[in-house]
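Inside the fold
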Amino acid sequence: MNTMAPPRLTVIGTGYLGATHAICMAVLGFEVLGVDVDEGKIAKLASGEVPFFEPGLPELLAKALESGRLRFTTSLAEAGAFGDVHFVCVGTPQQPGSDACDLSYVDAAVRGLAPHLDRRTLVVGKSTVPVGTAAGLTTLLHELAPAGTDVELAWNPEFLREGFAVDDTMRPDRLVFGVASDWADARLRAAFQPILDQGTPVIRTDLATAELVKVAANSFLATKISYINAMAEVCEAVGADVKDLADSLALDDRIGGKFLKPGLGFGGGCLPKDIRAFAHRAEELGVGQAVSFLREVDAINRRRRARTVDLVRELLGGRISGARIAAWGAAFKPNSDDIRDAPALDVARTMHGLGGHVRVYDPAALDNARLAFPELRYGESALDAARDADVVVLLTEWADFREIDPGALGEVVAHKRIVDGRHALDAAMWREAGWEYRALGRS
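Residues numbered from 1 in each chain as written. Predicted model: local features only at pLDDT ≥ 70, side-chain atom pairs only at ≥ 80, totals over all residues. Heavy atoms only, no water.

1. Side note on the overall build of the protein
A tally of helices and strands in the protein yields 19 helices and 14 strands. Taken over the C-alpha trace, the protein has a radius of gyration of 24 Å; the compact-globule value for 443 residues is 22 Å, and the two agree within 12%. Structurally, the protein occupies a C-alpha span of about 70 × 50 × 40 Å along its principal axes. Counting contacts in the protein only where the partners sit at least 6 residues apart, residues at least 24 apart contribute 72% of the total. (Helix = DSSP H or I, 4+ residues; strand = E, 2+ residues; numbered from the N terminus. Rg over C-alpha atoms; globule rule 2.2 N^0.38 Å. Contact = heavy atoms within 4.5 Å.)

Shown next, in the form of structure tokens:
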């Protein structure tokens, strides 16, 4: 086979990463087969339904299905026969009771696919894994695949931002190819040709470096977020304003303003578990001291949640029990329905546990929140959640919340008190409208 011919692609795992990758690659012109053990998920996708919230993706799924270039199956045998390049996109959650990464889904995917690989083919890991995983998977593939060493493994880390996943897939700022041969590099370039034609930079490197890139990037971002939140703790102690401090630092071109936003901190299915797994893996390798600061990064982030509850308590005169509290936000970030390790819900649950009458509203994540936390109450809109509230707490910075008129909100609440957990609101405007306004790190 001509190594430069457009390869047929399979995507093993059709969760957030896999479904997005499969859909976008089909839209870019490739023949794609999406594979998952979850029959319900496969049925939804095949019928044109994206099983999670991601702007722009449902429209692209409809386009991909209509083109005939995208199909879905539960059969790894079918995937082995179909694909020239197999992308492994399964989840790597945190192990229960440990900071370590759970590789059982990656292992199961490779073990399930390998016996069906009877010709020269490329398996590409996209999941975020501890460094050293690829070496073990290479050995596994060579042992289990009928084609033996003709099956190669590469690593191509993903850099998706929830809410911007389509753009990040089709117009990424870089591609990283961890490969062990020129053939693997050529196959990967063929699998990304339309994206490379846009001039996207490519870093060709070894497998271990490619595995490290994603966790290193997430660790840096988490550190920057926790740094400004550590400064917020100092500002609170001395009566300084962390927003003005952050704005000043952002104008230094050595630092920049991205991810230098004080507030409730990070959550989701990536940053928290990735930095914990990275620190754990470094300790296993005997270099734990090199990244020991990540433990404090994690601790600073966790403290922001408790401090947000403290702000609510202070606004309520020292007592949360019996208070009516509107919690705006459930997703860990706007433009997403992902509630994994969501700071918003952590704060809402804590206030509920302290006896507060909490009503939650989120534009996209209400269904997920209701399933995970049925003990909380939920509103049908931001104003509905805030009706007769003693305090409103903004916990996820959706544009819907930023655009609410303080005057209109003042007419439905019992008391004009607001805690801006995300520094998303214009403090002066809300105070001029008669609101008691509080935010982390601001006097």
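2. Overview of the sheet that holds strand β10 (residues 357-361)
Pairing is parallel in the open sheet, where six strands are placed in the order β11-β10-β9-β12-β13-β14. Looking along the sheet, the strands with just one partner apiece sit at the ends: β11 (377-378) and β14 (436-439). Of the pairings in the sheet, the one linking strand β9 (residues 324-328) to β10 comprises five bridges and is parallel in character. Across the sheet, residue R324 finds its bridge partner in β10, namely H357. (Pairing = 2+ DSSP bridges.)

3. Looking at the UniProt feature "active site" (unreviewed entry) in the protein
The positions that UniProt labels "active site" (unreviewed entry) are, in the present scheme, C270. Those residues in contact with C270, other than ones at most four positions away along the chain, are K214 and N218. (UniProt positions renumbered as here; feature names shortened; annotations may be inferred.)

4. Overview of the UniProt feature "binding site: substrate" (unreviewed entry) in the protein
UniProt feature "binding site: substrate" (unreviewed entry): in the numbering of this structure it lies at F159, L160, R161, E162, K214, F259, L260, K261, P262, G263, G267 and K333. An extended arrangement is adopted by the annotated residues: their sequence extent is 175 residues, and the largest C-alpha distance between any two is 23.9 Å. Residue placement: R161 occurs in the loop between β6 (151-155) and α7 (165-170). Mapped onto the fold, K333 is located in the loop between β9 and α14 (343-353). With a relative accessible area of 19%, K333 lands in the buried category. What K333 contacts, discounting residues up to four positions off in sequence, is R161, E162, T396 and W398. At 2.7 Å, the side chain of K333 and the backbone oxygen of E162 are in polar contact. (Buried < 20%, exposed > 50% of the residue type's maximum accessible area, 1.4 Å probe, protein only. Polar contact = N/O pair within 3.5 Å; in protein donor to acceptor, adjacent residues only side chain to side chain.)

5. Overview of the domain arrangement of the protein
As far as domains go, the protein holds domain 1 (9-205) and domain 2 (218-439). Computed over C-alpha atoms only, the centres of domain 1 and domain 2 are separated by 33 Å. With 17 residues of domain 1 at the contact, the number on the domain 2 side is 18 residues. Interface area for domain 1 against domain 2, summed over the two sides, is near 1400 Å², with a carbon-plus-sulfur share of 51%. Its largest share of buried area at the contact with domain 2, domain 1 owes to F53, D99 and E162, together 46% of the area lost on that side. (Domains from an automatic or database assignment. Buried area = accessible area lost by both parts, 1.4 Å probe.)

6. Structural notes on the packing of aromatic side chains
Inspection of every chain in the model, using the stated rule, returns seven aromatic pairs. Relative to F401, the ring of W328 has its centre 5.1 Å away and its plane inclined at 15°; by these criteria the two rings are stacked. Note that W328 is positioned in strand β9 and F401 in helix α17 (residues 399-402), a separation of 73 residues in sequence. On the basis of relative accessible area, W328 is assigned to the buried category, the value being 0%. Geometry around F82 places R8 over its ring, the cationic atom sitting 4.4 Å from the centre. A cation sits over an aromatic face here: R174 above F159, 3.6 Å from the ring centre. (Phe/Tyr/Trp six-rings, centres within 6.5 Å; stacked < 30°, edge-to-face > 60°. Lys NZ or Arg CZ within 6 Å of the ring centre and 35° of its normal.)

7. Overview of the environment of V110
In this structure, V110 sits in helix α5 (residues 104-113). Taking the relative accessible area as the measure of exposure, V110 reaches 3% and is therefore buried. Spatially, the C-alpha atoms of V110 and A145 are 9.7 Å apart, while their sequence positions differ by 35 residues. Once residues lying within four places of it in the same chain are set aside, the contact partners of V110 are L137, L140 and L141.

8. A look at the pattern of salt bridges
Counted under the stated rule, the structure contains 42 salt bridges. Across the pair D167 and R171 runs a salt bridge whose closest N-O atoms are separated by 2.5 Å. By relative accessible area, D167 is classed as partly exposed at 34%. Taken together, the salt bridges that share partners define one network made up of E233, E236, E296, R303, R304, R307, D310, R313, E314 and R438. (Salt bridge = Lys/Arg side-chain N within 4 Å of Asp/Glu carboxyl O.)

9. Some remarks on the side chain of T73
Tracing the sequence through the fold places T73 in strand β3 (residues 70-73). Only 3.0 Å separates the side chain of T73 from the backbone nitrogen of S75, close enough to count as a polar contact. Excluding residues within four positions of it along the chain, T73 makes contact with L33, G34, V35, D36, I42 and E78.

10. Quick look at the environment of S98
Here S98 is to be found in the loop between β4 (85-88) and α5. Overall, S98 belongs to the partly exposed group, its relative accessible area being 22%. Residues S98 and A277, spaced 179 residues apart in sequence, show a C-alpha to C-alpha distance of 8.9 Å.

11. Structural notes on unusual backbone geometry
Positioned with a positive phi, N335 is a non-glycine residue whose angle comes to about 60°. On the secondary structure map, N335 appears in the loop between β9 and α14. The residue D341 is not glycine, and still its phi comes out positive at about 45°. For D341, the position within the fold is in the loop between β9 and α14. You can call D341 partly exposed: its relative accessible area is 29%.

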